[in-house]
Amino acid sequence: MANDIAATKDGRRMKSAGGKVREGREPCVRCLRTTYAIGKVTPYGPACNACSPYFSKGGVCAHCGKESRWLSKVLRLGIDQPICPACQRLDHGNCALCRRNRLLYDDGAGRLLCKRCLTKGTVACRTCGKPSPAGRGGECDDCYWNRLLSKRIDIAAVVFDRKENAEIFRAFGEWLREDAGAHPAAIKINRYFEFFLEMWSSGENIPDATTLLKHFSAGLLRKNFQPLRFLEEKGLVKITATDRMEVTERKRIKEIMAQSAETGSAHIFMIRYHDRLTERMREGVTGLSSVRLALSPALALLKTAIMNGRELPCQEDLLEYLGTAPGQRAAVSGFVCLLRDEFGAELALPSVKSLRCKIARRRPENRLDLERELMELMRSVDKSEKDRRKLVELSLRYFHRIPARMARKMAVEDQLVEIDGGDMAVLSGKKHYWLPKQLYYVTSF
Ligand SMILES: [Zn+2]
Ligand SMILES: [Zn+2]
Ligand SMILES: [Zn+2]
Ligand SMILES: [Zn+2]
């Protein structure tokens, strides 16, 4: 590409100056370097060697057919046409011993190894003397991660102004090494470092539990579970069970509201309900757990309505929801009242007695029964359309543990398609639910 001929804007043809790395050139049009070897003279000015592919038209990879600007020949692969970067690394992969991504060779015993591991096998680790794959460069896995962790602790500890804080952080690093192992510790230490930085950014010392819980969101505290455990173990922070529960509940409520936000305009009902519950909490009538316990069935009811194509739930949705969760009658009652009073929904809670009948009728799915029913149906010779549908329904329940009501719906509404190897699958949404081949032969759909 170095001596490519490029056309200028006005159609003149220019030859690339080509070749040597020189200082003080006109800046490369792409990277603005001034010390480089000219790769190509483009209509916009000269481009360096590294940037020149960006101005070439590229071509088609001779191996996979994808278009690329970075085609090049790799005679090693026995393909004498230019190929794309992905195909150029066809004979690369992770070495079975050192796990580095390198050019691989067969060692004759079915293992694919990098050149170093193939020729040198294992060598003694320079730190601990244990044998380690040669491809790892003379240092074993353990020593590598231990060294990396120590280095990261050292670098991070310098940032803390106060000596005590740096000491606490160092102690935490060592504690983590013991607790989680050097490898996970080395990977996570920098993330935890941010927690310490944040914690000490506001006050002088370690803040008390209430400030800590208030300062950090529930998600952040969950992510920084390890530092908190350390601080607690060392007696630096005392977080009571109540504090912890409060954080968890707040997190759950947040999750419920986030899920509700995905329901679109029905979210407004949840916001209103959330407000009302928070008000009651402020008055001291309910606690945080009760708020969460009221919000989750409310969301479930909304979802049922949305599944049925409605935003504001109607009586039918309520009955359907309570049919699946009869125990939630009391929990959902507050939401039902709100929908009725403020949004004009026509809803009436069914009596406890009628729901009790439903509970009695509902039995846990007996897999043996299901199996028997499935086998019987598979054996029967003359199958009506209804039988076939039943067969699909039972298979979905048996193999995929899909609830009966949903399986029935899927057997009717969703497509049965053939997938690889002659197996069948039910296509529901974008998901395939595989059904066994035998079913196909016996039933001949
Ligand atoms: Zn450049
Ligand atoms: Zn290719
Ligand atoms: Zn290797
Ligand atoms: Zn070692």
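Note: the structure precedes this text.
Asks: Would you mind showing me how to read the sheet that holds strand S4 (residues 36-42) here?
Replies: Hydrogen bonds between backbone groups are what pair the strands of a sheet, and the pairing can be parallel or antiparallel. Pairing is antiparallel in the open sheet, where three strands are placed in the order S3-S4-S5. The sheet terminates laterally at strand S3 (21-22) and strand S5 (45-48), the two strands that pair on one side only. Pairing geometry for S4 and S5, over four bridges, is antiparallel. By the bridge assignment, Thr42 is partnered in S5 with Gly45.

Asks: Would you explain the packing of helix H11 (residues 288-307) against helix H12 (residues 315-324) in this entry?
Replies: Helix-helix packing is described using two parameters, namely the angle between the two axes and the distance between the axes. Packing of H11 against H12 leaves a shortest axis separation of 9 Å and a crossing angle of 120 degrees. Classified by the interaxial angle, the pair formed by H11 and H12 is oblique. Where H11 crosses over H12, the handedness of that crossing is right-handed. Contact with H11, carried on its side by Ala300, Leu301, Thr304 and Ala305, involves Asp317, Leu318, Glu320 and Tyr321 of H12 and no other residues of that element. Of the residues belonging to the contact of H11 with H12, the class tally is five nonpolar, one polar and two charged.

Asks: So what exactly am I meant to see when it comes to the pairing of S4 here?
Replies: Remember that side chains alternate between the two faces of the sheet whenever the strand is regular. Among the seven residues of S4, six are classified as buried, and the element is accordingly described as predominantly covered. When S3 meets S4, the two strands line up antiparallel, connected through two bridges. What sits directly across from Arg22, in S4, is Tyr36. Taking the residues that link successive antiparallel strands as the turn, the S4-S5 hairpin has two residues.

Asks: What is the right way to look at the nonpolar core in this model?
Replies: One broad rule of soluble globular proteins: the nonpolar side chains tend to lie buried together. Counting 22 residues, the largest nonpolar core has Tyr273, Leu295, Ala298, Leu301, Leu302 and Phe335 as its most contacted members. Sorting the residues of this core by element identifies helix H9 (241-261), helix H10 (267-282), H11, H12 and helix H13 (329-343) as the ones contributing at least two each. A total of eight residues in this core trace back to one element, the largest contributor, which is H11. Those residues within four positions of Leu295 in sequence are excluded, and the remaining contacts are Ile253, Ile256, Tyr273 and His274. Core analysis: the next-biggest nonpolar cluster, separate from the first, contains 21 residues, Leu176, Phe193, Leu221 and Leu228 among them.

Thresholds applied
- Residues numbered from 1 in each chain as written.
- Chains lettered and ligands numbered in written order.
- Predicted model: local features only at pLDDT ≥ 70, side-chain atom pairs only at ≥ 80, totals over all residues.
- Pairing = 2+ DSSP bridges.
- Helix = DSSP H or I, 4+ residues; strand = E, 2+ residues; numbered from the N terminus.
- Axes fitted to C-alpha atoms, helices over the stretch in contact; angles between N-to-C directions.
- Parallel < 35°, antiparallel > 145°, perpendicular 65-115°, else oblique.
- Left-handed = near helix turned anticlockwise from the far one by under 90°.
- Contact = placed C-beta atoms within 7 Å.
- Nonpolar A, V, L, I, M, F, W, Y, C, P; charged D, E, K, R; others polar.
- Buried ≥ 20, exposed ≤ 12 C-beta atoms within 10 Å, placed from the backbone.
- Core = buried A, V, L, I, M, F, W, Y, C linked by C-beta atoms within 7 Å.

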